[in-house]
Amino acid sequence: MIDRSPVALTRHGTVAVITVDHPPVNAINHAVRSGLMAALREIEGDPGIKAAVIAASGRTFMAGSDIREFDSAPREPVLKDVVAAVESLSIPVVAAIHGTALGGGLELAMGCHYRVATVNAKAGQPEIALGLIPGAGGTQRLP
């Protein structure tokens, strides 16, 4: 079996497009976080790229962290490091939101320099209802 990364990086002229494809809801697990970091490093090392877009395949943007990882020790890169890497990128980064941007997905979008969303997109931090506090900057960026 071939291990396929859930994150793809394509280039359209001077714009890099990072696409997350981790069905069914693009949950942000270790493979997604690692793929995002690898894409960000590649973009930072390419002086021909002038802007980047973070998007997702399927019916939704990113619907938070993968709850299957909650019972295990955090594995680097953790989401707050990915968000910090996005925010500190030397070029503008745009989050292209469709469907839902929930929890860590919203935190990732808020770490981008700009956000665009479809008219029916929804965003939120539903982990609050479970007694979990957003851990990747959501409590600072959302207000």
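Here the structure is shown first, and the text comes after it.
Residues numbered from 1 in each chain as written. Predicted model: local features only at pLDDT ≥ 70, side-chain atom pairs only at ≥ 80, totals over all residues. Heavy atoms only, no water.

Q: Looking at this model, I keep getting lost on the overall build of the chain. Mind explaining?
A: Broken down by element type, the chain carries 4 helices and 7 strands. Reading the secondary structure of the chain in the N-to-C direction produces β-β-α-β-α-β-β-α-β-β-α. For a compact globule of 143 residues, the expected C-alpha radius of gyration is about 15 Å, and the chain comes in at 14 Å, within 12% of that figure. Principal axes of the C-alpha set define a box for the chain whose edges measure 45 × 40 × 25 Å. (Helix = DSSP H or I, 4+ residues; strand = E, 2+ residues; numbered from the N terminus. Rg over C-alpha atoms; globule rule 2.2 N^0.38 Å.)

Q: Just to check I follow, could you spell out the packing of helix 1 (residues 30–44) against helix 2 (residues 79–87) for this structure?
A: Angle between the axes and distance between the axes are the two parameters that describe a pair of packed helices. Across the interface, helix 1 lies against helix 2 with an axial gap of 10 Å and an inter-helix angle of 25°. Judged by the angle between their axes, helix 1 and helix 2 are roughly parallel. In terms of crossing hand, the pair formed by helix 1 and helix 2 is left-handed. Residues Arg33, Leu36, Met37 and Leu40 of helix 1 touch helix 2, and the partners they reach there are Leu79, Asp81, Val82, Ala85 and Val86. (Axes fitted to C-alpha atoms, helices over the stretch in contact; angles between N-to-C directions. Parallel < 35°, antiparallel > 145°, perpendicular 65-115°, else oblique. Left-handed = near helix turned anticlockwise from the far one by under 90°. Contact = heavy atoms within 4.5 Å.)

Q: I tried to follow the nonpolar core on my own but got confused; where do I start?
A: Most often, soluble globular proteins have nonpolar side chains that are buried together. Residues Ile18, Leu36, Ile43, Ile54, Phe61 and Leu108 are the most contacted members of the largest nonpolar core, which totals 34 residues. Elements with a minimum of two residues in this core: strand 2 (15–20), helix 1, strand 3 (51–56), helix 2, strand 4 (93–97) and helix 3 (104–111). Among the elements that take part in this core, helix 1 stands out by supplying 6 residues, more than any other. Apart from the residues lying within four places of it in its own chain, the contact partners of isoleucine 54 are Ile18, Phe61, Met62, Val86, Val93, Val94, Ala95, Ala96, Leu108 and Cys112. (Core = buried A, V, L, I, M, F, W, Y, C linked by side-chain atoms within 4.5 Å. Buried < 20%, exposed > 50% of the residue type's maximum accessible area, 1.4 Å probe, protein only.)

Q: Mind showing me how you'd approach the environment of proline 92 here?
A: Among the structural elements, proline 92 can be located in the loop between helix 2 and strand 4. A C-alpha to C-alpha distance of 20 Å links proline 92 and glycine 104, two positions 12 residues apart in sequence.

Q: Mind showing me how you'd approach the sheet that holds strand 4 here?
A: Two orientations exist for strands paired in a sheet by backbone hydrogen bonds: parallel and antiparallel. One open sheet accounts for 5 strands, arranged 1-2-3-4-6; its pairing is mixed. Two strands lie at the open edges of the sheet, namely strand 1 (7–12) and strand 6 (114–117), each paired on one side alone. The mean angle between the axes of side-by-side strands here comes to 20°, regardless of whether they run parallel or antiparallel. As judged from the 3 bridges shared by strand 3 and strand 4, these two strands associate in the parallel manner. Looking across to strand 4, one finds that alanine 52 is bridged to valine 93. (Pairing = 2+ DSSP bridges.)

Q: Please explain helix 2 as it appears in this structure.
A: For an α-helix, 3.6 residues make a turn, and residues three or four places apart therefore share a direction. All buried positions along helix 2 are accounted for by Leu79, Val82, Val83, Ala85 and Val86. Buried residues in helix 2, looked at end-on, bunch into an arc of 160°, giving them a common side. (Arc of directions from axis to C-beta.)

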